[in-house]
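# Architecture and fold: a report
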Amino acid sequence: MKDIEKQTKSSTSLSRRQFLASSAAFAAFTIVPSYVLGANGQQPPSDKLNIAAIGSGGMGSGNIERCSTENIVALCDVDDERGADTYAKHPNAPTFRDFRKMLDKEQKNIDAVIIATPDHTHAVAAMACMQLGKHVYVQKPLTHDIYEARMLTEAAHKYKVQTQMGNQGHSGEGIRLIAEWIQDGAIGPVREVHAWTDRPIWPQSVGRPAGELAVPSTLDWDLWLGTAPFRPFNKGYLPFDWRGWWDFGTGALGDMACHIIDPVFMALKLGYPTSASASFTRVRLGDRYEGHYLKLADMNETPPISSVIHYEFPQRGEMPAVKLHWYDGGMRPERPVELEQGRRMGDGGNGVIFVGDKGKIMCGCYAANPRIIPEEKMKEYKRPEPTIERIPGGEGGHEQDWIRACKDGKPASSNFDYSGPLTETVLMGNLTMRMDGERIEWDGVNMKVTNIPEANALVSRKYREGWSLGV
Amino acid sequence: MGSLFGASRSGKKISRRDFIKAGSAGVAAIGFPFIVSSSALGADGAVAASDRIALGFIGVGGQGFFNMKSFITNPAVQVVAVCDVNEESDYSKFYFGGTAGRKPVKAFADNYYAEKNNGSFKGVDEYVAYQDLIGRKDIDAVVIATPDHWHTLISIAAMRTGKNVYCEKPISHNVFEARWIAEEAKKAGVVTQMGNQGHAEEGARLLCEWIADGAIGNVHTVHIWCNRPGGMWEQGIDRPSDTPEVPKGLDWDKWVGPAKFRPYHSLYHPFMWRGWWDFGTGSLGDMGCHQMDAPYWALKLDAPVSIEASSTKVNDETAPLATKIHYKFGKRGDMCPVEMVWYDGGLKPARPEELEEGRELQSEGLLFVGDKGTILSEFNGGSPRIIPESKMREYKRPAKTIERSIGHREEFIAACQGKGKACSNFDYAGPLNEIVLLGNVAVRAGKKLLWDSANLKFSNCEESSKFIKEEYRQGYSL
């Protein structure tokens, strides 16, 4: 199939990417009808994307498998062991540890890239891909910092690539129902929303692991650190617990809010918040018996065990100003009086409650199972006609929606124009936490904290030498 | 000394307290023959020996020692005995600092009196068993500062012998005990005081007066936040598996007392017991009696209708690291229903809109939210201010109608002398303790609880009754 691609390129002088990107406009004229090539319902080879992945283990492996309708042409992971299963499934794809080398060597063969690294390297990897004109699918949160999210959002336009953040609930039915119901006035104007998760389920507020362990030969620790300041290797950070360190992750909020707040952001057309403030635990877990009393965690190092975050959004058109409250680490909003006794709140561990002037809507993570509460009111409700386009396969079709976008040029459901500002909003919570919970007033358009000048230092972060976002 | 007390008119032995009460009521005549021995206790001339209140201290660790240092300077007080199951512990790692326990605290009292009396004072007595201390008829009042699980039993035992009782907060380990101790106090007719010192201060009074004055209209919400346990003690952990040796000088079995026996560990003693459900009552139990006092008083709170909590991970051993508890109260007279929200472990309410730019909520405090305004105060009601400050300045303060206190410990001693009233007496403090400790039940129950106060049970959660009333270890019920 590379031969086919070569032929296409040489004959049209269009890169494959350009070809695919422009296909929406020219499809009817330039694509060989797929039914000619793809008999028996099989996808014609020329329609297939050449996809690479940066971060091939864990979350990435699932994303890759859901993209396996396409050609998986190159795989990258700093950890050979983490990548091994995926590598085995795609034996023809060359493998790399350093995504920069992969892009150098294979860029001509790559149309699109899945990025599922730890949070701190999302942006550098995604930006490098976009600058080469590659479409990107980036795990949530889109970036580690607000600035990075803004840069990626702008870059998507600049480089005219198709983008998707890995908040798969955005392609689901639930989020559409909520948006349609709220649009329909099912619960009246919404002025207050509560969202919660029972995470973190990994350690947060632990002390930095002591000592220096030998780096396994299967891991490139320096590459894993990437943009982050150097620190000695410790297996405590991998493969998952990096979430609990500011240098790498974004805590429970960063992990879950892009899913949980997603329906709020979409249905209420939120945009940038005008303020955020927080309160949180400060005690430290780990070596707990030492000294026989709790130690305080270094909150510059690690997110808290539990936090409550308050966001304010201004009026948007007809929609009134709204307050969004986030709870994690076991904290939850008060149980709504409308919720019948014995009934589960949200999906148990996570959920959202929209408080409207005329009623409440409750859902779980990924906007799952939205219901007006109490159930009696749900049953009475005459649902409006669906107005928002459905994504084939719903949540499970999230990666395929991106592939479709890469091919037909119509943006994917959670493209960066949407998911960039969503990520920025989520990350505002971390910004206030890192400012001791103080209320941050935010000028979203100018990406600026207006009331505490020093907080602006946390809008972006300094990369380790040798790393740059390249903007 | 007990033998010096004669028979009362009713033929019963007259306690020193009865005697003093009688004295203040003008029946001094009976008194004189009996008080000879008081002079032997180290009179300093400022207060007639006969009027001095003989105090025994039960539980003289960090807080007990702290209490003594305050009480002993009261010229109306004569410290006569200390009791603790522990001889001496190092508190330097905890906020009390120094050392405490039977030996150092006795030494402190002895030195104090020796200096005052040129060494003529023979010293205070020391006991391991509280029964021995409260058995002494010459003692008027006891100051109890044991771990929480001992508070009610010792208080009631002391009250039944006619002792006046000053007991640290919370005065009970569970809701049942809170009701029981209040009933026993009523029956005994003794002077009682819970150790929530803020109750004697100006702030709580101002809050009561302003709220009654309608300064912020009808109060519908109160937010109360506390930063403990912070770095102070352990919560959110499981029981340790190692069983270190019991330190010399500690009677561990007596320390465990009415709780289910378990081997000694330094995670319990000294100081660390607060986080363990079997002994302490967590951050809420530690601070709730301080922090909920002004709301309870100013808003005339009675039993809550419902209590609902969420928290960091709950386990059967220790209180969680952080909690958020919602209490709902119905109408009280013409006061509107109110929601009271408790936050601990560092959590706080959302920053109130009225707070001026640049001001932040302190690490612990109270927010009273009315339909016409908001008051912010310190944790125990201190320094209340309507916010924003401009509204505070405009406010025409009402007359000070509530009597001011001479001091929390001082008013207890005065009340023991028959002068005035101890204001955080168990009649007042009992229901406050119930409110506080219901929060812990909600944390452990993991669901919204509907409280049937009259019947001491939850109308929707029979299984949580086990947290209302706990069983005493054999040999420890009264």
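Residues numbered from 1 in each chain as written. Chains lettered and ligands numbered in written order. Predicted model: local features only at pLDDT ≥ 70, side-chain atom pairs only at ≥ 80, totals over all residues.

## Points about the overall build of chain A
- A tally of helices and strands in chain A yields 16 helices and 15 strands.
- Residues counted as buried form 52% of the 471 residues belonging to chain A. (Helix = DSSP H or I, 4+ residues; strand = E, 2+ residues; numbered from the N terminus. Buried ≥ 20, exposed ≤ 12 C-beta atoms within 10 Å, placed from the backbone.)

## Concerning the overall build of chain B
- Each helix and strand in chain B was counted, giving 14 helices and 17 strands.
- Taking all 478 residues of chain B together, 53% fall into the buried category.
- Considering only contacts in chain B between residues 6 or more positions apart, those separated by 24 or more positions represent 70%. (Contact = placed C-beta atoms within 7 Å.)

## Let's talk about the interface of chain A and chain B
- Counting residues at the interface gives 28 residues for chain A and 30 residues for chain B.
- Elements that contribute at least two residues to the side of chain A that touches chain B include exactly β8 (275–280) and β9 (307–313) of chain A.

## Things to note about the pairing of strand β2 (residues 77–83) of chain B
Residue and element names in this part refer to chain B.
- Judged by how many residues are buried, β2 sits mostly within the fold: seven of seven residues are covered.
- Alignment of β2 against strand β5 (residues 125–127), held across three bridges, turns out to be parallel. In the sheet register, Cys83 faces β5, and the bridge partner there is Tyr127. (Pairing = 2+ DSSP bridges.)

## As for the environment of B:Glu184
Residues and elements named next belong to chain B.
- Looking at the element boundaries, Glu184 is found in helix α7 (residues 175–188).
- Its 23 C-beta neighbours within 10 Å are what place Glu184 among the buried residues.
- Separated by 249 residues in sequence, Glu184 and Asn433 have C-alpha atoms that sit 15 Å apart.
- In this structure Glu184 touches Ile156 and Met159, once residues within four positions along its chain are discounted.

## Points about the sheet that holds strand β12 (residues 338–343) of chain B
Residue and element names in this part refer to chain B.
- The strand order β15-β14-β13-β9-β12-β11-β10-β16-β17 describes an open sheet built from nine strands, whose pairing is mixed. A single partner strand is all that each edge strand has here, and the edge strands are β15 (385–387) and β17 (457–458).
- Inspection of the sheet shows strand β16 (residues 449–452) paired to β17 by two bridges, in the antiparallel sense. When the bridges of β17 are listed, Trp451 appears paired with Phe458.
- Its contacts with the sheet place helix α14 (residues 426–445) against β10 (306–311), β11 (323–329), β12 and β16, and it is angled at close to 55° to β10. (Axes fitted to C-alpha atoms, helices over the stretch in contact; angles between N-to-C directions.)

## Some details on the environment of A:Arg371
All names here are of chain A.
- As for its placement among the helices and strands, Arg371 is situated in strand β13 (residues 371–373).
- With 19 C-beta atoms counted inside 10 Å, the residue Arg371 sits in the partly exposed group.
- Considered as a pair, Arg371 and Ile178 are 193 residues apart in the sequence and their alpha carbons are 8.6 Å apart.
- Among all residues touching Arg371, those that are not within four sequence positions of it are Ile361, Met362 and Met378.

## A word on helix α3 (residues 62–71) of chain B
- Among all positions of α3(B), only B:Gly62, B:Gly64, B:Phe65, B:Asn67, B:Met68 and B:Phe71 are buried.
- At its buried positions, α3(B) is contacted by β1 (53–58), β2, β4 (99–100), α4 (102–116), β6 (141–144) and α13 (408–416) of chain B.

## Considerations on the confidence of the model for chain A
- Looking at chain A as a whole, its pLDDT mean stands at 91, while 89% of the residues score no less than 70.
- Ignoring residues within four places in sequence, the model shows residues 1–39 of chain A, a span with pLDDT below 50, making 42 contacts including any to other chains. (pLDDT = per-residue confidence, 0-100.)

## So, the confidence of the model for chain B
Residue and element names in this part refer to chain B.
- Here chain B shows a mean pLDDT of 90. Residues at 70 or above account for 90%.
- Low pLDDT (under 50) marks residues 1–45, which in the prediction has 64 contacts with non-local residues, meaning those over four places away or in another chain.
- Listed scores for the predicted complex are pTM 0.90 and ipTM 0.88.

## Description of the sheet that holds strand β2 (residues 71–76) of chain A
All names here are of chain A.
- Here six strands make up an open sheet; going across it, the order is β3-β2-β1-β4-β5-β6 and the pairing parallel. Whereas interior strands pair on both sides, the edge strands pair on one side only; in this sheet they are β3 (95–96) and β6 (163–165).
- Where strand β4 (residues 112–115) meets strand β5 (residues 135–138), four bridges bridge the pair, whose relative direction is parallel. Following the sheet pairing, Ala112 is matched in β5 by His135.

## A few points about the packing of helix α9 (residues 146–158) of chain A against helix α16 (residues 416–434) of chain A
Residues and elements named next belong to chain A.
- Here α9 crosses α16 at 175°, and the two axes come no closer than 8 Å. Between α9 and α16, the interaxial angle falls into the category roughly antiparallel. In this structure, α9 uses Ile146, Ala149, Arg150, Leu152, Thr153 and Ala156 to contact α16, whose residues at the interface are Phe416, Asp417, Gly420, Thr423, Glu424, Leu427 and Leu431.
- Split by residue class, the contact of α9 with α16 holds seven nonpolar, three polar and three charged. (Parallel < 35°, antiparallel > 145°, perpendicular 65-115°, else oblique. Nonpolar A, V, L, I, M, F, W, Y, C, P; charged D, E, K, R; others polar.)

## So, the packing of helix α7 (residues 99–106) of chain A against helix α8 (residues 122–131) of chain A
Residues and elements named next belong to chain A.
- Two elements in contact, α7 and α8, have axes whose closest approach is 10 Å; the angle formed by their N-to-C orientations is 10°. Judged on the interaxial angle alone, α8 and α7 are roughly parallel. Contact residues: Phe99, Arg100 and Leu103 in α7; Ala125, Ala128 and Cys129 in α8.
- Its residues placed into classes, the contact of α7 with α8 shows five nonpolar, no polar and one charged.

## Some thoughts on unusual backbone geometry
- Omega for the bond connecting A:Lys140 with A:Pro141 falls within 30 degrees of zero, at -10°, which places this linkage in the cis form.
- Residue B:Pro270 is reached from B:His269 by a cis peptide bond, and omega for that bond is -5°.
- Of note, B:Pro270 is situated in the loop between α9 (252–256) and α10 (282–291).
- Of note in this structure, A:Asn369 is not a glycine but carries a positive phi near 50°.

## Some details on α9(A)
Residue and element names in this part refer to chain A.
- An ideal rise of 1.5 Å per residue puts 18 Å on 13 residues; α9 measures up with 19 Å between its terminal C-alpha atoms.
- The buried fraction of α9 is high, at 10 of 13 residues.
- Listed as buried for α9 are Ile146, Tyr147, Glu148, Ala149, Arg150, Met151, Leu152, Thr153, Ala155 and Ala156.
- Contacts made by the buried residues of α9 are with α8, β6 and α16.
- Of the residues flanking the end of α9, it is Lys160, one or two places downstream, whose phi is positive at about 50°. (Expected span 1.5 Å × (residues − 1).)

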